[in-house]
Amino acid sequence: MADDDEIILSELPDDELVLQMHDDLYDGLKEEIEEGTRILLDRGWTPYDVLTKALVSGMKIVGDDFRDGILFVPEVLLSANAMKSGMTILKPLLAETGAPRMGKMVIGTVKGDIHDIGKNLVAMMMEGAGFEVVDLGINNSVEKYLEALDSETPDILGMSALLTTTMPYMKVVIDTLKEKGMREDYIVLVGGAPLNEEFGKAIGADAYCRDAAVAVETAKQLVARRHNQPGA
Ligand code: B1M
């Protein structure tokens, strides 16, 4: 028999459903997140709105409480898994925009860092905008990036770092590209919560991208600029 207090997600109005999804994400409830994601899509929400308003904003609350020592790694892992299950539903929808091919990007999280939600989101949004994306996953050494640049010949190299201890590794990769005379062959975009514009400039990236939407816009602009250059 159903518990009297059981919350029926499909009976909640949109605003309450979104708040409930924030709670469910906080509690790491994968199935509820999947159900909420499907309900919002059925109600005509765009995949982008579901992603940003229900999932990403919910993850922000988790992040704040992780920072403040209210949540710990095991709980945050459950939240991350719930978030990923919602993203799995949205991924094909975000990629299905029929946008013309814009270029190719190799992206990965840097060595020592296993955070991948933001990087996955960037990859999804880039695909949705018409870029071909090769995702190298997490914990990438400079050798792995170089190997992928060589075999995939992308227009863009994207790097993600979520830790202040791993963000300097982006400079290691960029410096290696410079040493090998390859730096100008690629547009280098960097992102991740602890970065900022100044850091992006200091390490020699073409741009720092605050979020996935900025990554898409920046990539479009820089690829277009490169294609319009004489001799390109
Ligand atoms: Co970690 N963690 N974590 N964590 N974790 C942070 C990053 C932290 C800020 C939490 C905190 O203290 N508030 C903190 C870092 C502190 C610091 O360095 N100053 C931290 C820590 C300390 C750690 C551990 C060291 C904890 C421990 O073990 N004691 C450990 C490190 C493990 C390692 O990597 N070696 C750790 C582990 C974990 C989990 C495994 C539990 C889990 C990761 C699960 C996973 O990713 N599969 C986790 C999580 C989930 C987080 C928080 C809570 C959320 C990150 C996230 O997914 N955000 C995070 C707190 C926070 O960021 N506020 C935290 C949602 C995502 C959509 O946003 O990743 O910022 P974000 O991505 C955005 C933009 O940044 C940008 O676009 C994205 C989409 O809009 N972007 C890019 C990101 N990458 C880009 C690349 C681009 C462009 C844009 O390329 C072109």
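Our subject in this report is the structure included herewith. (Residues numbered from 1 in each chain as written. Predicted model: local features only at pLDDT ≥ 70, side-chain atom pairs only at ≥ 80, totals over all residues. Heavy atoms only, no water.)

**Some details on the site of the ligand**
Turning to step 1, where the next piece is worked out: Lining the immediate environment of the ligand, one finds 33 residues, of which Arg67, Ile114, His115, Asp116 and Ser160 sit closest.
Turning to step 2, where the next piece is worked out: One of the side-chain nitrogen or oxygen atoms of Asp113 is found 3.5 Å away from an oxygen atom of the ligand.
Turning to step 3, where the next piece is worked out: For the ligand, a nitrogen atom lies 2.8 Å from a polar atom in the side chain of Ser160.
Turning to step 4, where the next piece is worked out: Placement of the ligand is best described as lying within the largest pocket.
Turning to step 5, where the next piece is worked out: Of all elements in the fold, only α3 (47-67), α4 (73-95), β1 (103-109), α5 (117-128), β3 (156-160) and β4 (187-191) reach the threshold of two or more residues within the shell around the ligand.
Turning to step 6, where the next piece is worked out: Tallying contributions element by element places α4 first for the shell around the ligand, with 5 residues.
Turning to step 7, where the next piece is worked out: Class assignment for the residues of the shell around the ligand results in 19 nonpolar, 8 polar and 6 charged.
Turning to step 8, where the next piece is worked out: Residue-level mapping places the shell around the ligand at the junction of two domains, with at least three residues from each of domain 1 (9-97) and domain 2 (104-228). (Near = heavy atom within 4 Å. Polar contact = N/O pair within 3.5 Å; in protein donor to acceptor, adjacent residues only side chain to side chain. 1 Å grid on protein atoms, 1.4 Å probe; cavity = no way out; pocket = protein on both sides within 12 Å on 5 of 7 lines; lining within 4 Å. Sits in = over half its atoms within 2 Å of the grid points. Helix = DSSP H or I, 4+ residues; strand = E, 2+ residues; numbered from the N terminus. Nonpolar A, V, L, I, M, F, W, Y, C, P; charged D, E, K, R; others polar. Domains from an automatic or database assignment.)

**Re the layout of surface pockets**
Any empty space left between atoms is shown by rolling a water-sized probe over those atoms.
Turning to step 1, where the next piece is worked out: Taken as a whole, the largest pocket spans an internal volume of roughly 1500 Å³.
Turning to step 2, where the next piece is worked out: For the lining of the largest pocket, the secondary-structure elements that each account for two or more residues are α3, α4, β1, α5, β3, β4, β5 (207-209) and α9 (212-228).
Turning to step 3, where the next piece is worked out: For the lining of the largest pocket, the element with the most residues is α3, which contributes 10 residues.
Turning to step 4, where the next piece is worked out: Tallied by class, residues from the lining of the largest pocket come to 29 nonpolar, 9 polar and 8 charged.
Turning to step 5, where the next piece is worked out: Counting the residues that make up the lining of the largest pocket, at least three belong to each of domain 1 (9-97) and domain 2 (104-228). (Points joined across faces, edges and corners; volume = space filled by probe spheres on them.)

**Observations regarding the nonpolar core**
Turning to step 1, where the next piece is worked out: Counting residues in each nonpolar core, the largest one holds 49 residues, and the members touching the most others are Met126, Ile156 and Leu189.
Turning to step 2, where the next piece is worked out: No other element matches α4, which puts 8 residues into this core.
Turning to step 3, where the next piece is worked out: Taken domain by domain, the makeup of this core includes at least three residues from each of domain 1 (9-97) and domain 2 (104-228).
Turning to step 4, where the next piece is worked out: Setting aside anything within four residues of it in sequence, one finds Leu189 in contact with Met105, Ile156, Leu157, Gly158, Met159, Ala207, Cys209, Ala215, Thr218, Ala219 and Leu222.
Turning to step 5, where the next piece is worked out: Counting 26 residues, the second-largest nonpolar core is a separate cluster that includes Val134, Tyr145, Leu149 and Val173. (Core = buried A, V, L, I, M, F, W, Y, C linked by side-chain atoms within 4.5 Å. Buried < 20%, exposed > 50% of the residue type's maximum accessible area, 1.4 Å probe, protein only. Contact = heavy atoms within 4.5 Å.)

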